[in-house]
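Descriptive analysis of the structure
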Amino acid sequence: MIEIRTHGRGGQGSVIASEILADAFFHEGKFVQAFPAFGVERRGAPVMAFTRVSDTEVRERCQIYEPDHLIVLDPVLIKTVNITDGLKEGGWIIINTSSPVEDKELTEKFKIATIDANAIALKHHLGSRSAPIVNTGIIGAFAGATGLVGIEAVKQAIEGFVPIKKQENMQAAVDACNEVKTMS
């Protein structure tokens, strides 16, 4: 089983990102589960969402405490929330940032990939300048960095989940898949 935890802020699309990712794996024949953690439900508050992927039926019904991989939509959360809590050594951390990650504790224990999903979202007119919608871009980056799910499956999932600007969201995912930078 592969367990992925997504960290973001309310309004960034963390929950939809986890659902798109689960649906992409489903299109590749996997059993999946995606759900959010409910806490302070307000725009801008830290939120988590979870994705489980397996070759067999997923029976667990609890939060993911020891994820294999992380997706981080807001890089500020790295300094304010213990995002690596429970992350298995060697797991991927996909971070939405335009800056290189220089935290040695992160780079020595985990595989790091970065993508400027904000710039990609703005390029495709997803969200506003003050609140770009980065969820489809970060999922494309996850596909490109890890190779665990294909970009065509991600595009299929976006087609099914995203109500507007489907082509722009699919192109954002493809751009992020092609532009993601891996550090490990």
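Only a predicted model underlies this, so the values are computations on that prediction, with no experimental measurement involved.

**Topic: the overall build of the protein chain**
Each helix and strand in the protein chain was counted, giving 7 helices and 7 strands. Going from N to C terminus, the protein chain has its helices and strands arranged as β-α-β-β-β-α-β-α-β-α-α-α-α-β. Here the C-alpha atoms of the protein chain give a radius of gyration of 15 Å, agreeing with the 16 Å that 2.2 N^0.38 yields for 184 residues. A principal-axis box enclosing the C-alpha atoms of the protein chain has dimensions of 40 × 35 × 35 Å. A total of 184 residues make up the protein chain; the buried ones form 49% of that total. Expressed as a percentage of contacts within the protein chain between residues at least 6 apart in sequence, the contacts between residues at least 24 apart total 59%. About 9100 Å² of surface is accessible on the protein chain, with carbon and sulfur atoms providing 50% of the total. Side-chain charges in the protein chain split into 19 positive and 23 negative, and the spacing between the mean points of these groups amounts to 4 Å.

**Points about the confidence of the model for the protein chain**
Predicted confidence across the protein chain gives a mean pLDDT of 93, with 97% of residues reaching 70 or more. By mean pLDDT, the top-scoring element of the protein chain is helix α7 (residues 166-179) (98), and the lowest-scoring one is helix α3 (residues 104-109) (86).

**Thoughts on the packing of helix α6 (residues 151-161) against α7**
Where α6 meets α7, the axes come as close as 9 Å, and the angle between the chain directions of the two elements is 155 degrees. Judged by the angle between their axes, α6 and α7 are roughly antiparallel. Where α6 crosses over α7, the two elements pack in a sense that is right-handed. Contacts between α6 and α7 involve I151, V154, K155, I158 and E159 on the former and, on the latter, K166, N169, M170, A173, V174 and C177. Taken together, the residues of the contact of α6 with α7 sort by class into 7 nonpolar, 1 polar and 3 charged.

**A word on the pattern of salt bridges**
What the rule picks out here adds up to 7 salt bridges. Between E3 and R52 there is a salt bridge whose closest N-O contact spans 2.7 Å. On the criterion of sequence distance, the pair formed by E3 in strand β1 (residues 2-9) and R52 in strand β3 (residues 46-54) is long-range, its members being 49 residues apart. You'll find E3 and R52 in the same group, each marked buried. For K88, the salt bridge identified is with D68, shortest N-O distance 3.1 Å. Taken together, the residues span a long stretch of sequence, with K88 in the loop between α2 (77-80) and β5 (92-96) and D68 in the loop between β3 and β4 (69-72) at a distance of 20 residues.

**Some points on the packing of aromatic side chains**
Applying the stated rule across the entire model yields 1 aromatic pair. Between the aromatic rings of F35 and F50, the centroid separation amounts to 5.1 Å while the plane-to-plane angle is 35 degrees, which identifies the pairing as tilted. On the criterion of sequence distance, the pair formed by F35 in strand β2 (residues 31-36) and F50 in strand β3 is long-range, its members being 15 residues apart.

**Looking at the pairing of β4**
Consecutive side chains of a regular strand alternate in pointing toward one face of the sheet and then the other. Residue alternation in β4 divides its side chains into two sets, H69 and I71 and L70 and V72, and both sets are buried. Two elements, β4 and β5, share 3 bridges in a ladder whose sense is parallel. In the sheet register, L70 faces β5, and the bridge partner there is I93.

**So, unusual backbone geometry**
Positioned with a positive phi, H125 is a non-glycine residue whose angle comes to about 60 degrees. One can find H125 in the loop between α4 (117-123) and α5 (135-146). With relative accessibility at 57%, the residue H125 sits in the exposed group. Of note in this structure, K165 is not a glycine but carries a positive phi near 50 degrees.

**Description of the environment of T80**
Tracing the sequence through the fold places T80 in helix α2. Through-space distance from the C-alpha of T80 to that of A34 is 24 Å; in sequence the pair is 46 residues apart.

**Quick look at the sheet that holds β5**
Overall, mixed pairing links the 7 strands, which are arranged β2-β3-β1-β4-β5-β6-β7 in an open sheet. With partners counted over all chains shown, the strands left at the sheet margins are β2 and β7 (181-182), one partner each. Of the strand pairs in this sheet, β5 and strand β6 (residues 111-115) are connected by 5 bridges, and their pairing is parallel. Counted as the bridge partner of N96 is I115 from β6.

Calculation rules
- Residues numbered from 1 in each chain as written.
- Predicted model: local features only at pLDDT ≥ 70, side-chain atom pairs only at ≥ 80, totals over all residues.
- Heavy atoms only, no water.
- Helix = DSSP H or I, 4+ residues; strand = E, 2+ residues; numbered from the N terminus.
- Rg over C-alpha atoms; globule rule 2.2 N^0.38 Å.
- Buried < 20%, exposed > 50% of the residue type's maximum accessible area, 1.4 Å probe, protein only.
- Contact = heavy atoms within 4.5 Å.
- Areas by Shrake-Rupley, 256 points an atom, 1.4 Å probe, with all protein chains shown as cover.
- Lys, Arg positive; Asp, Glu negative; His and termini not counted.
- Charge placed at Lys NZ, Arg CZ, Asp CG, Glu CD.
- pLDDT = per-residue confidence, 0-100.
- Axes fitted to C-alpha atoms, helices over the stretch in contact; angles between N-to-C directions.
- Parallel < 35°, antiparallel > 145°, perpendicular 65-115°, else oblique.
- Left-handed = near helix turned anticlockwise from the far one by under 90°.
- Nonpolar A, V, L, I, M, F, W, Y, C, P; charged D, E, K, R; others polar.
- Salt bridge = Lys/Arg side-chain N within 4 Å of Asp/Glu carboxyl O.
- Phe/Tyr/Trp six-rings, centres within 6.5 Å; stacked < 30°, edge-to-face > 60°.
- Pairing = 2+ DSSP bridges.

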